[in-house]
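Inside the fold
One-letter residues, chain by chain:
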Amino acid sequence: MAVLEILKYPDERLKQESVPVEVFDDELRTFISDLEETMRAGPGGVGIAAPQVNRFQRIVIVDISSMKKSGMKKPPANSSQHGRMVLINPEITEWEGMAMGREGCMSVPDYTGNVIRAERITFSAYDEHGERHEYQCEGFEARAVQHECDHLDGMLFLDRLVSRRTDLFQRKVYQTKDKS
Ligand SMILES: [Zn+2]
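These numbers come from a predicted model, not from an experiment. (Residues numbered from 1 in each chain as written. Predicted model: local features only at pLDDT ≥ 70, side-chain atom pairs only at ≥ 80, totals over all residues. Heavy atoms only, no water.)

Helix and strand counts for the chain stand at 3 helices and 8 strands. Listed by position from the N terminus, the elements making up the chain come as α-β-β-β-β-β-β-β-α-α-β. Evaluated residue by residue, the chain yields a buried proportion of 47% over its 180 residues. Sequence-distant contacts in the chain: of pairs separated by 6 or more residues, those separated by 24 or more amount to 70%. When the accessible surface of the chain is totalled, it reaches about 10200 Å², and 49% of it is carbon and sulfur. (Helix = DSSP H or I, 4+ residues; strand = E, 2+ residues; numbered from the N terminus. Buried < 20%, exposed > 50% of the residue type's maximum accessible area, 1.4 Å probe, protein only. Contact = heavy atoms within 4.5 Å. Areas by Shrake-Rupley, 256 points an atom, 1.4 Å probe, with all protein chains shown as cover.)

What follows is the structure in structure tokens.
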């Protein structure tokens, strides 16, 4: 296992669209292990997408149960959460409701932002063994899946802010005397 290097905004490669996985072999599974280790090594560590480590295939991992202290509030435990999900060639088919929520990204380490996402989604994806599964997610888990799937289309949460002026926040808040 290895921790892989994360591409950071404004690296142009983060805008690249990823292609579907066609071969489910040991090489893929080794890569997914490395991708997961990279996710767990990072601050926040609730999701990662293959293009963030310079591999442009439609692979994401989401595990909000592993959420670490990162300045973001941990969502309340929810019995409908899935734990670790390896999602290959994910396809979101239903979106329900809308909510604003705070997001961070390993490729945008210095900022968090308020982003509007669907509250509940239905989607399908293949696992690392090539088996297809259907999922329903809600709340923060649904948000994480939508965030990671955006990476597969070359989008960052920065692209979804309504306003950079009011919805973008620096992660470290420095005390300053000038409050105007
Ligand atoms: Zn991200």
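We now examine the sheet that holds strand E3 (residues 85-96). With respect to topology, 5 strands assemble into an open sheet ordered E1-E2-E3-E6-E7, the strand pairing being antiparallel. Both edges of this open sheet fall to strand E1 (47-49) and strand E7 (132-138), since each of them pairs with a single strand only. The average undirected angle you get between the axes of adjacent strands in this sheet is 35°. Two strands pair when backbone bridges link them, and strand E6 (residues 120-126) and E7 are joined in this way by 7 bridges, in the antiparallel orientation. Along E7, the bridge assignment pairs Phe123 with Tyr135. (Pairing = 2+ DSSP bridges. Axes fitted to C-alpha atoms, helices over the stretch in contact; angles between N-to-C directions.)

Position of Ala99 relative to the elements: it lies in strand E4 (residues 99-105). Contacts of Ala99, omitting those with residues within four sequence positions, involve Val115, Ile116, Arg117, Glu119 and Arg143.

Moving on: the coordination of the zinc ion. Donor atoms from the polypeptide that coordinate the zinc ion comprise Cys105 (SG), His147 (NE2) and His151 (NE2), at 2.0 to 2.3 Å from the metal. The sequence motif formed by the donor residues of the zinc ion is C-x41-H-x3-H. Here the residue His147 and the residue His151 both occupy positions in helix H2 (residues 139-152), the gap between them amounting to 4 residues, near one helical turn. Summarising the burial analysis for this pair, His147 and His151 share the class buried. (Donors = N, O, S within 2.8 Å, 3.2 Å for Na, K, Ca; no water.)

Now for the nonpolar core. Within the largest apolar cluster, 20 residues are counted, with the highest numbers of intra-cluster contacts made by Met85, Leu87, Ile121, Phe123 and Val145. Every element with two or more residues in this core is listed here: strand E2 (59-62), E3, E6, E7 and H2. Counting residues per element, this core draws most heavily on H2, which supplies 5 residues. Residues contacting Ile121, with those up to four places away along its chain left out, are Ile92, Glu94, Trp95, Tyr135, Gln136, Cys137, Ala142, Val145 and Gln146. Membership of the second largest hydrophobic core comes to 15 residues, among which are Ile6, Val21, Ile32 and Ile59. (Core = buried A, V, L, I, M, F, W, Y, C linked by side-chain atoms within 4.5 Å.)

Let us now look at the pairing of E3. Across 4 bridges, E2 lies against E3 in antiparallel orientation. In the strand pairing of E3, Val62 is matched with Met85. Note: E3 against E6, 6 bridges, orientation antiparallel. Note that in E6 the partner of Glu96 across the bridge is Arg120.

What follows covers the pattern of salt bridges. Inspection of every chain in the model, using the stated rule, returns 14 salt bridges. Between Arg29 and Asp26 there is a salt bridge whose closest N-O contact spans 3.0 Å. Of this pair, Arg29 and Asp26 both sit in helix H1 (residues 26-41), 3 residues apart, which is roughly one turn of that helix. Assessed through its relative accessible area of 24%, Arg29 is described here as partly exposed. Given a relative accessible area of 55%, Asp26 falls into the exposed group. With a shortest N-O distance of 2.9 Å, Arg84 and Glu36 are connected by a salt bridge. Linking Arg84 in the loop between E2 and E3 with Glu36 in helix H1, this pair joins segments that are 48 residues apart in sequence. Look at Arg84 and you get partly exposed, because its relative accessible area is 39%. Looking at Glu36, the relative accessible area reads 13%, which means it is buried. If you follow the salt bridges from partner to partner, you end up with Glu36, Arg40, Asp63, Arg84 and Glu128 in one network. (Salt bridge = Lys/Arg side-chain N within 4 Å of Asp/Glu carboxyl O.)

Bear in mind that shape data such as this cannot, by itself, settle questions of function.
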